[in-house]
Amino acid sequence: MWLKPEEVLLKNALKLWVQERSNQYFVLQRRRGYGEEGGGGLAGLLVGTLDAVLDSTSKVAPFRILHQTPDSQVYWSIACGSSREEITEHWDWLEHNVMNTLSVFDSNEDITSFVQGKIRGLIAEEGKGSFVKEEDPEKFREGLMKFEKCFGLPEQEKLVTYYSCSYWKGRVPCQGWLYLSTNFLSFYSFLLGAEIKLVISWDEISKLEKTSNVILTESIHVCSRGEDHYFSMFLHISETFLLMEQLANYAVRRLFDKETFENDLVLHDPLQITKRGLESRAHSEQFSAFFRLPKEETLKEVHECFLWVPFSHYNAHGKMCISENYICFASQDGSLCSVIIPLREVTGVDKADPANRGVSISTKGKTAFRFTEVRDFEQLVAKLRMKCNATSSPQHIINTEVAASSASDSPKDFDAGPSKMSQRDNSKTVGTEALMTVYHPQDAENLDSKMLKEKMKEQSWNILFVERGHGVSMFRTKKTRDLVVRGIPEALRGELWLLFSGAVNDMASSPGYYTELVEKSLGTCTLATDEIERDLRRSLPEHPAFQSDTGISALRRVLTAYAYRNPQIGYCQAMNILTSVLLLYAKEEEAFWLLVAVCERMLPDYFNRRIIGALVDQAVFEELIRVHLPQLTDHMTDMTFFSSVSLSWFLTLFISVLPIESAVNVVDCFFYDGIKAILQLGLAVLEYNMEKLLTCKDDAEAVTVLNRFFDSVTNKDSPLPPAVQQGSNLSDTKSDHPKVDITDLIRESNERYGDIRYEDVESMRCRNRLYVIQTLETTTKQNVLRVVSQEVKFSPSDLEELYELFKKEHFLSCYWNVNSPVLQHHDASLPYLDQYRIDCQQFRVLYHLLSPWSHCANRDSLALWTFRLTDESSDCLINFKQFACVLDTMYNGSFTDKLKLLFKLHIPPAFTEVESLSPSKGGDLSKEELIHFSQLSVSSVGDSLETDSLKSSPEKGKGKVDIQAYLKQWQDELLKKEENIKDLPRMNQSQFIQFSKTLYNLFHGDPEEELLYRAIAVVTSLLLKMEEVGRRLQSPTSPVKSPVAVMEVPAEIPRKGQEESSSEQTGGSRAQSLRGNHEWSFAFEQILASLLNEPAFVRFFEKPHDIKVKIESAKNLQLKARTRV
């Protein structure tokens, strides 16, 4: 069968393949060990053994054909066969139909491009009339049953797909099945009595990549919690890897990056994820990112075809991609030619040249695009006509309604205060001109040499517009990029930025949206608006446009409107600098849509609270430095230097480090090529300064070298006045660094690093995103452990394991709940301790797994009371510090500490009557009952709750973090004195009865059980006698019924097997006998003093417990415990 051409990483690793035929351009190979007598030696036996255990759906085909070109080390797999006859048929076809044609090409690149296009055409022909079919339902059901049986995960866990593969345990491959589900990567193998079971949650993966080495030609490498796992022998490794990458990215966004995930309705329900849906989504995301289209666009159809390029008089081979609102075309190499045709611009769709299966599309700009060799072209014409009729008139109306409705949903983070602009016609306040035209109008009469060059640039672009079209549907070719590299003329900059970024499409689909946002946002008061006001005067302060109220007001409106539109981002430093430059060259509304394009599409996740996107691109930058500048990598002992020095490059697109007249040229390239342009320029800057950087002794010296270089960058063709140019303000005599022209620097970056492909950058972004987020999580963990370790006596390793269990329990509650409230509890903007918190239900699971008292019959009640005691803020959530401290008391506390904890569990606010509300259920509580009881204290607080919770949780309230409140809370914690036992309230009779029952339950199963029961009776009698004497001394004349008689029942020691019923009867008789009596109570000192006289009590509570055993057990049982729940 013909294969989609894929580069072979290692042509002949460990001689796994034997060459059978070859010519100048193709190689036919046979898998070693196949069809040989004796198996082909040791290597053949190894290969044969590996292939023998594979099932038919995943077996490596024994024959393949590779394409190569002379003097090239790159090989492409183009065909495979299960038999010699099949592969020979493919080989003969290549020799008779392709070989003769290849001799006419001048370059190897053209040969490879032609062969790849031909093979893709063959695959398309074979696929005619056939559709992608779902997996065999029966086979999938069988796989699902195996998955459920092997791993015992909850039934809500959705299996997406599964593959046969090998898992490498050391140097031995274990054949089995890889299962990909919504939350886990699972592998199961059972061979020769040896069982291997592996379950890795996607949120634990820090590295996911395709790799190859001497033994494995191609494999998938997964790194989780410091352990490396390798999977190989896939039939379609690229498909498998793409799905794994998507599932990992989905889980990471859902669990770690909630603020961007919340807007993604497609992935919001894990039960709706399917293999086909993920594949379709991946293609749509790649499509919209490549053509800079709105994120909502979904790729509907792809057609291999040719596009007639009139100005070059040739047919460009490529793909026509069709979505709801756009028809796009990209040539096979992606850079030769591309076109974007919005359906709103289409005036007609016709059949042209039926012999060549042609489709002609006419646009409002009087341009006709002619596509040929289009499969099913007649059906396509009919579909496109229907689409154009549907979108020609109502589109703007529909989009306007959507925009208006989305804008009317006022974000929660904004306080709708009295709007300052509500009384005025807002359209008058929105700027209608770019600031550059106001402050630097061009003098058409007095043209100096720089202005003449500027006019020549404009003329070059006008010629391009005549040839290739003007507007959104223009042909974008290599010549377009060359003109962008030279610098876009000042007069055209705003228009072309809007065009190349795709912001023109957003603006066209939402007329009036910005004006509405300005009306609604101005006058609001939030943390974002406070920060915006603070930074307004710091944005290009040297430029006259931002020394006046005109520029400052426009900047305020754009930033405030965007913060209102996207409260998840709100406002982030660096947005002001970028927006200032946008306002210089674009009208105010255009600048707003350019900012939207940058923040939401071109630099995703750059401007959220953790700037994850910028950190990801810095990791990509480091990876590129290792590849292209290895000598610099060898010299630098710490690669984090490049991250620290380049952060501002990425966040501000070099605007903060380069003079403004040079920085705008960088922005030109960014809007045309995306982040690729910034990466290329960064590499060029480092290479230009290579020699000086290699002589630097420390980071400070290297930073100085780079700063001096940036100061020396000029733009000799800039028409800006000298007063505005930042580079010209430097005296030439003061700087010993030679001047570098920005145009030359950008051109050099394109020549040297232009081969960096967009697809490679996106792949590196995906790969490094997992690493960056796991690094941030590690930092969070280290900070939490550093704080908590000062409060507890657990060893560092035990404390780390407890943290992992705590965090895992948080995530397990998010896995299978579509609208999990726990997802609301992870906020990366909060202090480290409060980023992960658990509720009462989750605490109960951990209590059962980890507490030394979890064997107790009323363990659910104990878990509930412990949670209520620990929940100091009464918001029904506790953090890891609170969890670890209470567990530390149970394991490492003294006799007094443990007894004090038990005492506090049986008095308010922790204690609440449980059994009286559910007498028939014994000690077990349902989830609903548990949540109800955990919230009782909240309802009892009444009106003061909101005030208290705001005091204890400074992040809640007006949607902004109150730093002063955090400092006050921190100070109170530092000043908190050791709790005095005399300050504890007294325990009343019903609480003491429950306290006694808890002690009975705790002692069950202990070797000294009988002795402990007797001790309880003795202590109880002693305490009651003390209480009786005290009462008589206080009021000697009043008759008091002796409480000793009341407690005679517990003096009868219950025998083994009757403890629970005895204690229940005891409690009932006590309660009935005491209803008519005066209330009596005990102080903690009385109970402590009484129990200290009983050695059995002291031995029981001072007996050491090993938490390591509990932790190991919990790691194995946590998932099963969640399944039972």
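Scroll up to find the structure this text is about.
Here the structure is a predicted model, which is why all the values come from computation and not from measurement.

The rules behind the values
Residues numbered from 1 in each chain as written. Predicted model: local features only at pLDDT ≥ 70, side-chain atom pairs only at ≥ 80, totals over all residues. Heavy atoms only, no water. Helix = DSSP H or I, 4+ residues; strand = E, 2+ residues; numbered from the N terminus. Contact = heavy atoms within 4.5 Å. Salt bridge = Lys/Arg side-chain N within 4 Å of Asp/Glu carboxyl O. 1 Å grid on protein atoms, 1.4 Å probe; cavity = no way out; pocket = protein on both sides within 12 Å on 5 of 7 lines; lining within 4 Å. Points joined across faces, edges and corners; volume = space filled by probe spheres on them. Nonpolar A, V, L, I, M, F, W, Y, C, P; charged D, E, K, R; others polar. Pairing = 2+ DSSP bridges. Core = buried A, V, L, I, M, F, W, Y, C linked by side-chain atoms within 4.5 Å. Buried < 20%, exposed > 50% of the residue type's maximum accessible area, 1.4 Å probe, protein only.

*Asks:* Would you mind going over the environment of Phe992 with me for this structure?
*Replies:* Following the sequence through the fold, Phe992 ends up in helix 39 (residues 989–1003). Along the backbone, Phe992 and Ile907 are 85 residues apart, and their C-alpha atoms lie at a distance of 8.9 Å. What Phe992 contacts, discounting residues up to four positions off in sequence, is Met987, Thr1020, Leu1023, Trp1080, Phe1082 and Ile1087.

*Asks:* Can you help me understand the pattern of salt bridges in this one?
*Replies:* Two side chains that carry opposite charge are able to pair once their charged atoms sit near each other. In this structure the tally under the stated criterion is 45 salt bridges. The salt bridge involving Glu588 is made with Arg557; its shortest N-O contact spans 2.8 Å. With Glu588 in helix 20 (residues 588–602) and Arg557 in helix 18 (residues 549–565), this pair connects stretches of sequence that are 31 residues apart. Across the pair Arg757 and Asp760 runs a salt bridge, and its minimum N-O distance is 3.3 Å. Sharing partners across several salt bridges, the network here consists of Glu20, Arg30 and Arg84.

*Asks:* Explanation requested: empty space enclosed by the protein in the structure shown.
*Replies:* Within this structure, the stated rule accounts for four cavities of 30 Å³ or more. Computed from the structure, the largest cavity encloses a volume of approximately 70 Å³. Every residue lining the largest cavity is listed: Phe992, Phe995, Ser996, Leu999, Ile1016, Val1019, Thr1020, Leu1023, Ile1087, Leu1091 and Phe1097. When contributions to the lining of the largest cavity are tallied by element, the ones reaching two or more residues are helix 39, helix 40 (1009–1034) and helix 44 (1084–1092). Split into classes, the residues belonging to the lining of the largest cavity amount to nine nonpolar, two polar and no charged.

*Asks:* Even after reading the chapter, I still don't get the pairing of strand 2 (residues 17–22), so can you show me in this structure?
*Replies:* Every regular strand shows the same layout, with side chains that alternate between the two sheet faces. Both strand 2 and strand 3 (residues 26–31) contribute to a ladder of five bridges, which runs antiparallel. Bridge pairing in strand 3 places Val18 opposite Arg30. A loop of three residues connects strand 2 with strand 3, the two strands running antiparallel in sequence.

*Asks:* Looking at this structure, I do not really get the pairing of strand 12 (residues 227–232). What am I missing?
*Replies:* Bridging between strand 6 (residues 159–169) and strand 12 involves three bridges; their strand directions are antiparallel. Residue pairing across strands places Trp168 opposite Tyr230, the latter belonging to strand 12. Between strand 11 (residues 219–224) and strand 12, which pair antiparallel in sequence order, lie two residues; one of them, Arg225, sits at a positive phi of approximately 50°.

*Asks:* I would appreciate a short explanation of the nonpolar core in the present structure.
*Replies:* In a soluble, globular protein the nonpolar side chains are often hidden away together inside. Within the largest apolar cluster, 125 residues are counted, with the highest numbers of intra-cluster contacts made by Phe231, Leu850, Phe880, Phe1003, Ile1087 and Phe1097. Here the element with the most residues in this core is helix 6 (residues 237–256); it accounts for eleven residues. Of all hydrophobic cores here, the second largest spans 122 residues; its members include Leu464, Tyr514, Leu517 and Ile746.

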